[in-house]
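# Architecture and fold: a report
Residue strings, one per chain:
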Amino acid sequence: MRYSLLPLVIVSFLLLGAGKEAGKEAEKKWCELREQTSRDSIKVLWQLEKIDGKIILTTVRGQETHVTVHDQSCSTQKWLISNKQAHTDAVARRAGEYILMKGLFKGKPIDEKVAVDDLPWYQAMSLSLGFFSCSDQTSVEFWTLRPDDLTPHKMRAMKKQSEYMTFNGKKIQVQKVRVSLGGLLSFIWSGEFWFRKEDGMFMKYQGANGPPGASETIITLVQEKPWENIPATTRGNTPVTIGGNPPATTRENIPDTGGNTPAKTEKKATVSPT
């Protein structure tokens, strides 16, 4: 079975350094990325919003839409995944040392409670690790949910050397970050990210999209548009439409499982891909 940690978690980033008080101003930003394998080349489009102390990322990749909601440290608080074609409309929500999952996933109803611990949850790695790349930390451990089966995995990220690359004809300095499964399983899967040193912008990912021996995937930033203010009258009221794709779910429609709602089943967290 493929270790499909990649398609969801690579397609986002955080542009840091805005320096504005939470709730005072709302902003949004658009970007386009390109996911390339030996067989396919896929365009990934997204919208990033900073509003009311939250960082909200909406990503459209083919028929699938993801919405991740983060706190100011870029730890994931809520993640919604929807895909009509795959009969999926589910939400995961952080509740202390648990992640609660509810909805429809690949045509089957889910209502589960996954035990983790107090480590942060980074569902959109390229967003959360962009924050990490600008911090004083040299390494960080975190949880992520595997998007093809929703199993939790403990991960580890380590800063490597600074490098230079060219973007839009300009030479920029980037911070390299290596990500792997945690503990003794680190040899099973790993990938490398590059973030712009200036602000934590995701620039590139390179690694296997599957088990050892699987073909390599490269994801790069193609273009970015400047931040723009969101008028107060439209905040949270307009659907996200990206590049002609169907509107993605707005944050007002993200279901809330409620931190105190009893879950029907409980999975024991494992860092081993299945």
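The coordinates are above.
Conventions adopted
Residues numbered from 1 in each chain as written. Predicted model: local features only at pLDDT ≥ 70, side-chain atom pairs only at ≥ 80, totals over all residues. Heavy atoms only, no water. Core = buried A, V, L, I, M, F, W, Y, C linked by side-chain atoms within 4.5 Å. Buried < 20%, exposed > 50% of the residue type's maximum accessible area, 1.4 Å probe, protein only. Helix = DSSP H or I, 4+ residues; strand = E, 2+ residues; numbered from the N terminus. Contact = heavy atoms within 4.5 Å. Salt bridge = Lys/Arg side-chain N within 4 Å of Asp/Glu carboxyl O. Pairing = 2+ DSSP bridges. Phe/Tyr/Trp six-rings, centres within 6.5 Å; stacked < 30°, edge-to-face > 60°. Lys NZ or Arg CZ within 6 Å of the ring centre and 35° of its normal.

### A word on the nonpolar core
When a protein is soluble and globular, its nonpolar side chains tend to lie buried together. Ranked by internal contacts, the top residues of the largest apolar core, which has 36 residues, are L129, F142, A157, V179, F193 and M203. For this core, the element with the highest residue contribution is strand β11 (residues 170-181), accounting for five residues. Dropping the residues within four chain positions of it, L129 is found in contact with Y122, V140, F142, A157, V179, F193 and F195. Judged by nonpolar contacts, the second largest core, of 15 residues, contains I81, I99, W121 and L145.

### Structural notes on the pattern of salt bridges
What the rule picks out here adds up to twelve salt bridges. Between R61 and E35 there is a salt bridge, with its nearest N and O atoms 2.7 Å apart. In this pair, R61 sits in strand β3 (residues 54-61) while E35 sits in strand β1 (residues 27-36), placing the two residues 26 residues apart along the sequence. Measuring nitrogen to oxygen at the nearest pair gives 2.9 Å for the salt bridge that ties D199 to R196.

### As for the pairing of strand β6 (residues 88-95)
In summary, the side chains of a regular strand alternate between the two faces of the sheet. Buried residues dominate β6, accounting for six of its eight residues. Bridging between strand β5 (residues 76-83) and β6 involves six bridges; their strand directions are antiparallel. Bridging from a neighbouring strand, I81 pairs with A90 of β6. Once β5 ends, the chain turns through four residues before running back antiparallel as β6, passing H87 with a positive phi of about 55°.

### Some words on the pairing of strand β14 (residues 216-224)
Two strands pair when backbone bridges link them, and β1 and β14 are joined in this way by six bridges, in the antiparallel orientation. For E35, the partnering residue across the bridge sits in β14 and is I219. As judged from the five bridges shared by strand β13 (residues 202-208) and β14, these two strands associate in the antiparallel manner. Residue G207 lies in a different strand from β14, and its bridge partner there is T217.

### Concerning the packing of aromatic side chains
For any pair of aromatic rings, the description rests on two quantities: the centre-to-centre distance and the angle between the ring planes. Evaluation of the coordinates by the stated rule reveals five aromatic pairs. On the basis of an interplanar angle of 70° and a centroid distance of 6.4 Å, the ring pair of F193 and F202 is categorised as edge-to-face. Classification of F193 as buried rests on a relative accessible area of 0%. One aromatic cluster is present, built from ring pairs that chain together F193, F195, F202 and Y205. When the ring centre of Y98 is taken as origin, the NZ or CZ atom of K113, which lies over that ring, is 4.2 Å away. One residue, K171, lies across the ring of Y164, its end atom 4.9 Å from the ring centre.

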